[in-house]
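Coordinate inspection notes
For reference, the chains in residue letters:
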Amino acid sequence: MKRTLILAAILSILAISLGCNIDAQEGIFRQISKTEAEVKVGSVELLAVDGTKYYAMSTLMGLLSYENNIWTRLDPATSPIARLMATSSDDIAYAPLSDPTTGTHTWYLLDGSDVPQAQAVSRFSFITTLHEGWEIAKTDSSQTEFDLYRDLGGDPVATGLETIFSENLWLLEIDDDAVVSAATVLVSGLQKDSTDTYVHRLYVGGAETIVDADIQDQIVAFSYNGTDMIAVTKSGKVWYGDGTTMTEKADTTLSFPTNGIAGKPIPTFIDASGNLVFQGSSVFYSIAPNGTVTSISDRFSTNLRSSSFKVTSYYFDRTTGALYGGTVKNGLFKVPDLAGDTVDWL
């Protein structure tokens, strides 16, 4: 009798677990079957894709290339990377720890044979984007002025940001020339000398637009196609409009992984239809330029929305329609077709 009661209890608990699964169409066994092996390089940020070769920054092994199932370290293990970015042409640039006196970083660029070459660029860089080569920097750590640079250029794209922002800010780039032809970046952060007022500036081809002052929260994701703008804040609110005049979707609050840092930009990509797409806590979200939010619980997200597949970065190839990404512990993946459910783990 006791064994019968124990078995009944186990079956009851299993039934409850299956019924309470966040995905109503999948059971616990389906979730387990989707588990991929953990990759020993740690969390990876995908930087660029060059044919069959992938470039990524890892938490355990530094800057890596990946090809034919082999990870190869590209930066000196004795000189840890302090700043990193892929330029607008997908060249990989990085800077080791700063000079102890001036605080400046000397930038290196990988040449065609993956050999780092020192660049004639040395400045105190404190914010960079993952893609498109954006950087906020000072002349050295003692300066109060800071400017916006791109692609290790000698001249800044925009100057005097210290008159607008405190140093608590983020850079968010559009990594797709087909979405908006001019180089586009959003700067979002606390207003100078303030602890609770947020300001946002959109730079398109160097021209500045003041983004709606009613958005009093840090922006962690955005898209802009030259006319329509979408902004998602760290509290999960969605705003849409033309940038200068925005409307909040008051009845919509999104939930998404934050990578442990409140307000940190979340990984996103802009699909072939111009929708802003990113991973939510249990589904993917697609936000159209008109502000319409759609939950994606099928197609490619079927094999990516499990909590074990936390996405750290995306690289969308608009020419082929393939989506590439990096994850916290499962390495790199490729989605050959966003309309399908195939995910290839690289």
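This report concerns the structure included in the present document. (Residues numbered from 1 in each chain as written. Predicted model: local features only at pLDDT ≥ 70, side-chain atom pairs only at ≥ 80, totals over all residues. Heavy atoms only, no water.)

Notes on the overall build of the protein
- In terms of regular secondary structure, the protein is built from two helices and 26 strands.
- For the protein, buried positions account for 49% of its 346 residues.
- Considering only contacts in the protein between residues 6 or more positions apart, those separated by 24 or more positions represent 40%.
- Accessible surface, the protein: about 16000 Å² in total, of which carbon and sulfur atoms supply 51%. (Helix = DSSP H or I, 4+ residues; strand = E, 2+ residues; numbered from the N terminus. Buried < 20%, exposed > 50% of the residue type's maximum accessible area, 1.4 Å probe, protein only. Contact = heavy atoms within 4.5 Å. Areas by Shrake-Rupley, 256 points an atom, 1.4 Å probe, with all protein chains shown as cover.)

Side note on unusual backbone geometry
- Of note in this structure, E132 is not a glycine but carries a positive phi near 70 degrees.
- Structurally, E132 is set in the loop between β8 (116-128) and β9 (134-138).
- One non-glycine residue with positive phi stands out, namely R299, at about 50 degrees.
- For R299, the position within the fold is in the loop between β22 (293-296) and β23 (311-317).
- Look at R299 and you get partly exposed, because its relative accessible area is 35%.

Structural notes on the side chain of T129
- Counting through the fold element by element, T129 comes out in the loop between β8 and β9.
- A polar side-chain atom of T129 sits 2.5 Å from the main-chain carbonyl oxygen of H131.
- Excluding residues within four positions of it along the chain, T129 makes contact with L84, M85, W134, L171 and E173. (Polar contact = N/O pair within 3.5 Å; in protein donor to acceptor, adjacent residues only side chain to side chain.)

Side note on the pattern of salt bridges
- This structure, assessed with the given rule, holds ten salt bridges.
- Between K53 and D114 there is a salt bridge; the shortest N-O distance is 3.1 Å. Of the two residues, K53 sits in strand β2 (residues 53-58) while D114 sits in the loop between β7 (105-110) and β8, which places them 61 residues apart along the sequence.
- Note on K53: relative accessible area 21%, which makes it partly exposed.
- Ionic pairing is found between K237 and E248, a salt bridge with its closest N-O pair at 3.8 Å. With a gap of eleven residues between them, K237 in strand β17 (residues 237-241) and E248 in strand β18 (residues 246-253) connect regions that are remote in the sequence. (Salt bridge = Lys/Arg side-chain N within 4 Å of Asp/Glu carboxyl O.)

Regarding the packing of aromatic side chains
- Applying the stated criterion across every chain, the model contains 14 aromatic pairs.
- Between F278 and Y285, the ring centres sit 5.8 Å apart and the planes meet at 55 degrees, which makes this aromatic pair tilted. Of the two residues, F278 and Y285, both sit in the buried class.
- Within the aromatic cluster, the residues linked to one another by ring pairs are Y54, Y66, W71, Y315 and Y324.
- Above the plane of the ring of Y149 lies R123, whose end atom (NZ or CZ) is 3.8 Å from the centre.
- Residue placement shows K138 over the ring face of F126; its charged tip is 5.9 Å from the ring centre. (Phe/Tyr/Trp six-rings, centres within 6.5 Å; stacked < 30°, edge-to-face > 60°. Lys NZ or Arg CZ within 6 Å of the ring centre and 35° of its normal.)

Observations concerning the environment of P336
- Residue position: P336 is located in the loop between β25 (332-335) and β26 (344-345).
- The exposure class assigned to P336 is partly exposed, which follows from its relative accessible area of 34%.
- In this structure the C-alpha to C-alpha distance between P336 and L323, which are 13 residues apart in sequence, comes to 6.5 Å.
- In contact with P336, not counting residues within four places along its chain, are T320, G321, A322, T342 and D344.

Some words on the sheet that holds strand β21 (residues 284-287)
- Ordered by their spatial adjacency, four strands build an open sheet running β19-β20-β21-β22, and the pairing between neighbours is antiparallel. With partners counted over all chains shown, the strands left at the sheet margins are β19 (269-270) and β22, one partner each.
- Summarising the sheet, strand β20 (residues 276-279) and β21 pair through four bridges and their orientation is antiparallel. Bridge pairing in β21 places L276 opposite I287. (Pairing = 2+ DSSP bridges.)

Spatial relationships are all this shows, so hold off on functional conclusions.
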